[in-house]
Amino acid sequence: MKYIIANWKMNIVDNINQKFQLIKIGSDREIIICPPYTLLNDVNNSIKNCDKISLGSQDISHKASGAYTGMISPKMLTNCGCKYSIIGHSESRLYLKYDEETLIQKAKIALEYGIMPIYCIGESLNEYKNNNTKNILRDQTKLIPDDIKSKILLAYEPIWAIGSGITPKMEQISDSISFIKNELKFHNVLYGGSVVKSNFSDIMSMSDGVLIGSMSINFDDFSYCCNL
Ligand code: PEP
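Now for a look at the structure at hand. (Residues numbered from 1 in each chain as written. Predicted model: local features only at pLDDT ≥ 70, side-chain atom pairs only at ≥ 80, totals over all residues. Heavy atoms only, no water.)

**Description of the overall build of the chain**
Next, step 1: Along the backbone of the chain there are ten helices and eight strands.
Next, step 2: In terms of overall dimensions, the chain is globule-like: its C-alpha atoms have a radius of gyration of 17 Å, near the 17 Å expected for 228 residues.
Next, step 3: Each of the 228 residues in the chain was classed as buried or not, and the buried ones make up 51%.
Next, step 4: For the chain, restricting intrachain contacts to residue pairs at least 6 apart in sequence, the fraction spanning at least 24 positions comes to 71%.
Next, step 5: Looking at the chain as shown, the accessible area adds up to about 10,900 Å², and 48% of this sits on carbon and sulfur atoms.
Next, step 6: Here the chain contributes 24 positive and 24 negative side-chain charges, whose respective centroids are spaced 2 Å apart. (Helix = DSSP H or I, 4+ residues; strand = E, 2+ residues; numbered from the N terminus. Rg over C-alpha atoms; globule rule 2.2 N^0.38 Å. Buried < 20%, exposed > 50% of the residue type's maximum accessible area, 1.4 Å probe, protein only. Contact = heavy atoms within 4.5 Å. Areas by Shrake-Rupley, 256 points an atom, 1.4 Å probe, with all protein chains shown as cover. Lys, Arg positive; Asp, Glu negative; His and termini not counted. Charge placed at Lys NZ, Arg CZ, Asp CG, Glu CD.)

**Some words on the environment of Ile 87**
Next, step 1: Relative to the elements of secondary structure, Ile 87 occurs in strand β4 (residues 82–87).
Next, step 2: The spacing of Ile 87 and Lys 106 is 19 residues in sequence and 7.1 Å in space, taken between C-alpha atoms.
Next, step 3: With residues near it in sequence (within four places) discarded, Ile 87 still touches Ile 60, Leu 103, Lys 106, Ala 107, Ala 110, Pro 117, Ile 118, Tyr 119 and Cys 120.

**Observations concerning the sheet that holds strand β6 (residues 153–156)**
Next, step 1: If you walk around this closed barrel you meet the eight strands as β1-β2-β3-β4-β5-β6-β7-β8, and the pairing is parallel. Pairwise comparison of adjacent strand axes, ignoring direction, gives a mean angle of 25 degrees for this sheet.
Next, step 2: Across two bridges, the pairing between strand β7 (residues 188–192) and strand β8 (residues 209–212) is parallel. Looking across to β8, one finds that Gly 192 is bridged to Leu 211.
Next, step 3: Packing of helix α6 (residues 133–141) onto the sheet brings it into contact with β5 (116–121) and β6, and relative to β5 it is tilted by some 145 degrees.
Next, step 4: Contacting β5, β6 and β7, helix α8 (residues 170–182) runs over the sheet at an angle of about 150 degrees to β7. (Pairing = 2+ DSSP bridges. Axes fitted to C-alpha atoms, helices over the stretch in contact; angles between N-to-C directions.)

**Some details on the pattern of salt bridges**
Next, step 1: Summed over the entire model, instances satisfying the criterion amount to ten salt bridges.
Next, step 2: A salt bridge links Arg 138 to Glu 183; its shortest N-O distance comes to 4.0 Å. Taken together, the residues span a long stretch of sequence, with Arg 138 in helix α6 and Glu 183 in the loop between α8 and β7 at a distance of 45 residues. (Salt bridge = Lys/Arg side-chain N within 4 Å of Asp/Glu carboxyl O.)

**Topic: helix α10 (residues 219–226)**
Next, step 1: Taken residue by residue, α10 has Phe 219, Phe 222, Ser 223, Cys 225 and Cys 226 as its buried positions. Angularly, the buried residues of α10 cover 160 degrees about the axis, an arc narrow enough to put them on a single face.
Next, step 2: On its buried face, α10 sits against β1 (2–7), β2 (29–34), α9 (197–205) and β8. (Arc of directions from axis to C-beta.)

**A word on the environment of Val 196**
Next, step 1: Structurally, Val 196 is set in the loop between β7 and α9.
Next, step 2: Classification of Val 196 as partly exposed rests on a relative accessible area of 36%.
Next, step 3: Between the C-alpha atoms of Val 196 and His 62, which are 134 residues apart in sequence, the distance is 32 Å.

**Things to note about the site of the ligand**
Next, step 1: Neighbouring residues of the ligand: 14 residues in total, closest Lys 9, His 89, Gly 163, Ser 194 and Ser 214.
Next, step 2: At 3.2 Å from an oxygen atom of the ligand is found a side-chain nitrogen or oxygen belonging to Asn 7.
Next, step 3: About the coverage of the ligand: the protein hides 98% of its 290 Å² of free accessible area.
Next, step 4: Residue composition of the shell around the ligand, by class: four nonpolar, eight polar and two charged. (Near = heavy atom within 4 Å. Polar contact = N/O pair within 3.5 Å; in protein donor to acceptor, adjacent residues only side chain to side chain. Nonpolar A, V, L, I, M, F, W, Y, C, P; charged D, E, K, R; others polar.)

**Notes on the pairing of β5**
Within a regular strand, side chains alternate between the sheet's two faces.
Next, step 1: Counting buried positions along β5 yields five of six residues, so the element is predominantly enclosed.
Next, step 2: Here β4 runs beside β5; their pairing, made up of four bridges, is parallel. Within the sheet, the bridge partner assigned to Tyr 84 lies in β5 and is Met 116.

Any functional reading would require information that these geometric values do not contain.
Below, the structure written as structure tokens:
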């Protein structure tokens, strides 16, 4: 199975009318739409008859319940139909200041509620330029218990590639994915960061799927890729 994950950001709000029924999906593909929280119910209704399209959230609380204003619990997410949750996207690491312990708690609680974590890691531009990518990837995953490594989707997203239109060279993406699989022992490894129509097939061929931001709200490009 290969995963195609859409991370819809705030610019989707006026553009909810996605024609999911029209998307043709390759046989070994699963499409996961991760809209902002306020659109979860709408998207859940729209994908009802699409058996290869699932719903995911862009974050999840690290606690099952309690007084945590602003947070969304795993139960609230499953009530909306969520089967996946993005955890530790670089934008939430940056703006919401999540540390590794909190992210791991999120992953554990998601799994307890039957939600598959899409756990994001990736280096900054400086770290990349200083040849530090592998150290950073090792560091960002060192607290993840071995027994959950096979139960999550690990998304490798170089921070400098997200939304920039620039990607690492294909050999570098392939090398990082092999490192994450062979040395860090994760089973399903995806790539994210400026995936577009022209690099989609190459990246899919070296990974277990992709996490897509900008291109996922261009219906024609996104649906074209779902059937490649
Ligand atoms: C993302 O938002 O995680 C992402 C990869 O965005 P983009 O595809 O626009 O680089």
